[in-house]
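# Observations on chain architecture
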Amino acid sequence: MSYALTDDGVRLYSEETGSGVPIVFVHEFAGDHRSWEPQVRFLSRWFRCITFNARGYPPSDVPEDPAQYSQARARDDVRDVLNHFAIERAHIVGLSMGGFATLHFGLAYPARARSLLITSCGYGADPARQKAFQAEMEATARRIEHETMAEFAKGYALGPARVQLQNKDPRGWREFAAQLADHSTQGSALTMRGVQKQRPSLWSLRDAMRTMSVPTLIVAGDEDDPCLEPGLMMKRTIATAGLAVIPRTGHAVNLEEPDEFNRIVYSFITAVDTGRWSPRDHRAVFPSVRD
């Protein structure tokens, strides 16, 4: 374990396991570095696995200045973790909030990404619902501040795309819920307000996505409704993207279906590293399908 120092002076708790080609895992709002344990236990047999806690998630620092929380900052924190471990290029695997950071990292620093695996990414991405989404995020931040994270977590862990984990793996769900309840109230509220609320719509990034050449895989659970349309859009927009949809699965894909998710990650990374992941054949594009 160690602490990566960001270029704005924030310490990010980090762990390194295994050796070989590096994979950096970027966690969701409701998770932290511990959320990736099923992946690290398996993939560290072949790869150098890096996990870290985002700013606002102890034992990482919890800056008090709201200006130190943003989508751009979350993106650059991934870069600073790579710098800390002296990694020039890595496979980046992100889920939800971490999936957004992974996409933005690929857009801003393509030369440093071996590949991008973007999971459960898209909630609030509909441009027609931007104002409603921002109001929802602000209300959620206020609830966290008022109730404390320990209390707020009780309901958040039972959201429409979370109950799948509870039904499949009650013990794993209790562990997830306990870890969520242990998060910093201040850090969670600042993250919700600065990163989640302010992130741009995915649809506003389509022109930039069309220029991407980094190998990309989009992963979603078929019961995570808010992420399905954005996943399809990203698949259609990014020429190097594939799409994997896991049936009867909600938001926390890596926890709900760890064996399937690990297989997908391993197969994708192996395909990339052996030169077998190429851009989509232009003959396979249906011009009549809307993006």
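All values reported here derive from a predicted model rather than from experimental measurement.

Bringing the pattern of salt bridges into the picture now. Side chains that differ in charge, positive against negative, can pair when their charged atoms come close. Applying the stated criterion to the full structure yields 28 salt bridges. Asp8 is the partner of Arg55 in a salt bridge, and the nearest nitrogen-oxygen pair spans 2.9 Å. You can see Arg55 sitting in the loop between strand E4 (48–52) and helix H2 (71–84) and its partner Asp8 sitting in the loop between strand E1 (2–5) and strand E2 (11–17), a full 47 residues away along the chain. Judged by its relative accessible area of 4%, Arg55 is buried. Judged by relative accessible area, which is 28%, Asp8 ranks as partly exposed.

So, on to the sheet that holds E1. Sheet architecture is open: eight strands sit in the order E1-E2-E4-E3-E5-E6-E7-E8, paired in mixed fashion. The open sheet terminates on both sides in strands that have one partner only, identified here as E1 and strand E8 (241–246). Across the sheet, the mean angle separating the axes of adjacent strands is 25° when strand polarity is ignored. Here strand E5 (residues 90–95) runs beside strand E6 (residues 113–119); their pairing, made up of six bridges, is parallel. In the sheet register, Val93 faces E6, and the bridge partner there is Leu117. Strand contacts of helix H3 (residues 97–108): strand E3 (22–26), E5 and E6, with the helix running at about 145° to E5, the strand carrying the most contacts. Most of the contacts of helix H12 (residues 258–273) go to E6, to which it runs at about 155°, and overall it touches E3, E5, E6, strand E7 (216–221) and E8.

The next point concerns empty space enclosed by the protein. Here the structure, examined in full by the defined rule, presents two cavities of 30 Å³ or more. In this structure, the largest cavity encloses a volume near 140 Å³. Contributing to the lining of the largest cavity are 13 residues, with Ala54, Arg55, Ala74, Asp77 and Met97 lying nearest its centre. Going through the elements one at a time, H2, H3 and helix H8 (185–196) are the ones with two or more residues in the lining of the largest cavity. Looking at the lining of the largest cavity element by element, the count peaks at three residues for H3. Of the residues belonging to the lining of the largest cavity, the class tally is eight nonpolar, three polar and two charged. The computed volume of the second largest cavity comes to approximately 70 Å³. His27, Glu28, Ala30, Gly31, Ser35, Trp36, Leu95, Phe176, Ala252, Asn254 and Leu255 together form the lining of the second largest cavity. Classifying every residue of the lining of the second largest cavity by side-chain character gives six nonpolar, four polar and one charged.

Attention now goes to the packing of aromatic side chains. Under the defined criterion, the tally for this structure stands at ten aromatic pairs. With centroids separated by 5.7 Å and ring planes inclined at 75°, the aromatic side chains of Tyr3 and Tyr13 adopt a geometry described as edge-to-face. Of this pair, Tyr3 sits in strand E1 while Tyr13 sits in strand E2, placing them ten residues apart in sequence. Using a relative accessible area of 33% as the deciding quantity, one classes Tyr3 as partly exposed. The class of Tyr13 is buried, set by a relative accessible area of 7%. A centroid spacing of 4.7 Å and a plane angle of 80° characterise the contact between Phe268 and Trp277, whose relative ring orientation is edge-to-face. Looking at Trp277, the relative accessible area reads 27%, which means it is partly exposed.

Once that is clear, we can look at the nonpolar core. Among the nonpolar cores identified, the biggest contains 35 residues, and Leu82, Ile92, Leu103, Leu202, Met209 and Met234 are the most heavily contacted of them. Listed by contribution, the elements that provide at least two residues to this core are E3, E4, H2, E5, H3, E6 and helix H10 (225–237). The element best represented in this core is H3, accounting for four residues. Formed by 25 residues, the second largest nonpolar core is a distinct cluster that contains Met149, Phe152, Leu180 and Met192.

Our focus in this paragraph is the layout of surface pockets. Think of a ball as big as a water molecule: rolled over the atoms, this probe shows where empty space is left. One number sums up the size of the largest pocket: a volume of about 560 Å³. Around the largest pocket, the lining comprises 27 residues; the ones closest to its centre are Tyr123, Glu136, Tyr156, Pro160 and Arg162. Among the secondary structure elements, those contributing two or more residues to the lining of the largest pocket are helix H4 (130–147), helix H5 (149–156), H8 and H10. Sorting elements by how many residues they give to the lining of the largest pocket places H4 first, with four residues. Across the lining of the largest pocket, the residue classes tally to eleven nonpolar, eight polar and eight charged.

Analysis parameters
- Residues numbered from 1 in each chain as written.
- Predicted model: local features only at pLDDT ≥ 70, side-chain atom pairs only at ≥ 80, totals over all residues.
- Heavy atoms only, no water.
- Salt bridge = Lys/Arg side-chain N within 4 Å of Asp/Glu carboxyl O.
- Helix = DSSP H or I, 4+ residues; strand = E, 2+ residues; numbered from the N terminus.
- Buried < 20%, exposed > 50% of the residue type's maximum accessible area, 1.4 Å probe, protein only.
- Pairing = 2+ DSSP bridges.
- Axes fitted to C-alpha atoms, helices over the stretch in contact; angles between N-to-C directions.
- Contact = heavy atoms within 4.5 Å.
- 1 Å grid on protein atoms, 1.4 Å probe; cavity = no way out; pocket = protein on both sides within 12 Å on 5 of 7 lines; lining within 4 Å.
- Points joined across faces, edges and corners; volume = space filled by probe spheres on them.
- Nonpolar A, V, L, I, M, F, W, Y, C, P; charged D, E, K, R; others polar.
- Phe/Tyr/Trp six-rings, centres within 6.5 Å; stacked < 30°, edge-to-face > 60°.
- Core = buried A, V, L, I, M, F, W, Y, C linked by side-chain atoms within 4.5 Å.

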